[in-house]
Amino acid sequence: MADSPGKFTFIPEYRYGGAWHSSSGIWVKGYAHLPSGELLQGADFASRLALCANRELLCQLAASLNGRFCAVGTLPFGSFALVDRVRGLPLFYSGGGSDSVVVSDSPYALADIKAGQDDVAMLQLQSAGYALGCRTLFANVRQVEAGCFTLFQDAGTSSERYFSFSADALSSISFNDAAAMLTSALENSMKRAMQFIGDRPIAVPLSGGYDSRFILAWLVRNGVKNVTAFTYGSASSLEFAVAKEVARRLGVKWIPVVYNESLIKGLAQQPGFDEYVLFASGAASMPFFQDYPALNALRFAENTVFITGHSGDFVAGSHLFPFQDRMGRRILLTSLFSNVYRYFGGSKLQRKMLYQQLENHYDMMGAAIPFTRLESIDYTERQAKFIVNSCRAYDFFGHSTVLPLFDAEIVDLFKVLPFKYRFLKPLYNRVLVDSYFLPSGVVFAKELQATKQQVYAAFFKGIVKRILGRMINARPPSDTIGYNAIACELYKNAGLELDRHYTSLNIPIIKWYCDFFAKKFGSSHCEY
């Protein structure tokens, strides 16, 4: 489809994540709720966007949308590409300004191999698991950032941020009032989810944690039928045991998927595997394989909707560390670098370059409370491109995905709450336990929630590690999912040697993907 031939072209490449719908020169995929409660989908969604007569109206409408969506089209003041707050359905573009602009949901439809690889993006992906900002691994292709729309006008290309998780001021609300507001927000979020789902079958990826347990408990308490829960990974893990017992007590059908050699063997050679890698990575993120073997084995009906727990614990404050609200700029930036580039192993020069990029991003949010700037960067980068991006597996197998704990009402509440209500998640945990888990009988003596002692121990251990660096021998990571088996299969199929001296289960997957990308597109691996 082309609008204004030679100037703006849209290439809808994928049906994964839902079909594209159009009206009045606007194309949309996904759904969104308005503050009024109206559900926008299909041509009606496109028609609503077509009413935006100027940039300000588009920004206002985008900020009011609550869902998982993307949109592309031409309006009187220019052409645009819009994604939701967490970049649930990514968009990519090439060109801009006086050049022709092409937008697509696939970066490969836009890639000019002759333009080469973006070496900075490759370094970022190797160090973080994703490319930061609008970069992709292709030098000539850019992505629309979470909570933004990109505007293409004759004067040039610009990005408009309509949502940020940073806060200029925090609320003075009481704990009890905040608990009441959170309970209301959780209820409203799940009701919005059910408005979109209707009577379609539901699948819940059930872990041993609180997020997915809340979703399942809510569904059962509200009489929702045709619900299936499933858990994957190691059968001997506490995660499996807790998930099994939660499903039993709630009376929900539960399917265990044990990741063993027989399930994983030959996975990388199966038809469609390479296509999944390309789709899930978007030339910008590490492809996730956690859910893939389970989905490949279970083959849910195509109209099944997946309700996932991403990422209630993050929004509630699980990422916050001791004294973060009192720290100065330098310490916060050092912490930010360690959190974002957690796999970094490059040179001092590379470190300086990556640090300066983060510093610039941090300083751009000049009016925001310092510790919330870190949260905003985490939300836009890691949460969108790494955590939420893992849901691409559900899209690939033909399903719709709902993220009720990233609902705008919940996120907007948490982002202005006092630090003490979020550090160690006291508010979130209290509301879930008292309002949902105790009444449903799904509270256990041994939980997977980090204790105060564990959080402080990890914090001080991180400080010591940053000081002593590689003098400390890190322990091999715990593998409750079965990622080692998946990594072995990938490396074996690619003819690579797997170095087992890694400190994160993601490191071998990232290295494998960089090799995959280099072979596929003739680029350099840029291994440091």
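Here, every reference points to the structure presented above.
Residues numbered from 1 in each chain as written. Predicted model: local features only at pLDDT ≥ 70, side-chain atom pairs only at ≥ 80, totals over all residues. Heavy atoms only, no water.

K.L.:
I tried to follow the state of the cysteines on my own but got confused; where do I start?
P.N.:
Two cysteines, two sulfur atoms, one covalent bond between them: this is a disulfide. Taken as a whole, this structure holds zero disulfides when the rule is applied. Cys59 takes part in no disulfide bond, and the closest cysteine sulfur to it belongs to Cys148, at a distance of 9.4 Å. A residue is classified by how much of its surface remains accessible, and Cys59, at 18% relative accessible area, is buried. Free of any disulfide, Cys70 has its nearest neighbouring cysteine sulfur in Cys148, separated by 14 Å. (Disulfide = S-S within 2.5 Å. Buried < 20%, exposed > 50% of the residue type's maximum accessible area, 1.4 Å probe, protein only.)

K.L.:
How should the pattern of salt bridges be read in this particular structure?
P.N.:
For side chains of opposite charge, pairing can occur when their charged atoms come near one another. One pass over the full model with this rule turns up 22 salt bridges. Between Asp412 and Arg85 there is a salt bridge, and its shortest N-O distance comes to 3.0 Å. Here the residue Asp412 occupies a position in helix α15 (residues 408-414), and Arg85 occupies one in the loop between β7 (78-83) and β8 (92-94), the gap between them amounting to 327 residues. Of the charged contacts in the structure, one is a salt bridge between Arg192 and Asp407, with a shortest N-O distance of 2.8 Å. In this pair, Arg192 sits in helix α4 (residues 175-197) while Asp407 sits in the loop between β17 (400-402) and α15, placing the two residues 215 residues apart along the sequence. Both residues of the pair, Arg192 and Asp407, belong to the buried class. Through salt bridges that share partners, Arg68, Arg392 and Asp395 make up one connected network. (Salt bridge = Lys/Arg side-chain N within 4 Å of Asp/Glu carboxyl O. Helix = DSSP H or I, 4+ residues; strand = E, 2+ residues; numbered from the N terminus.)

K.L.:
Got a minute to help me understand the sheet that holds β17 in this structure?
P.N.:
The strands making up a sheet are joined through hydrogen bonds of the backbone, oriented either antiparallel or parallel. The strand order across the open sheet built from five strands is β15-β14-β13-β16-β17, with neighbouring strands paired in parallel fashion. A strand with exactly one partner marks an edge of an open sheet, and here the two such strands are β15 (253-258) and β17. Between one strand axis and the next, the sheet turns by 25° as a mean value, whatever way the strands run. Pairing of strand β13 (residues 202-205) with strand β16 (residues 305-307) involves two bridges; the strand directions are parallel. When the bridges of β16 are listed, Ile202 appears paired with Val305. This element, α4, spans β13, β16 and β17 of the sheet and lies at about 165° to β17. Against the sheet, helix α5 (residues 210-221) makes contact with β13, β14 (227-233) and β16, and its axis sits at roughly 150° relative to β13, the strand it touches most. (Pairing = 2+ DSSP bridges. Axes fitted to C-alpha atoms, helices over the stretch in contact; angles between N-to-C directions. Contact = heavy atoms within 4.5 Å.)

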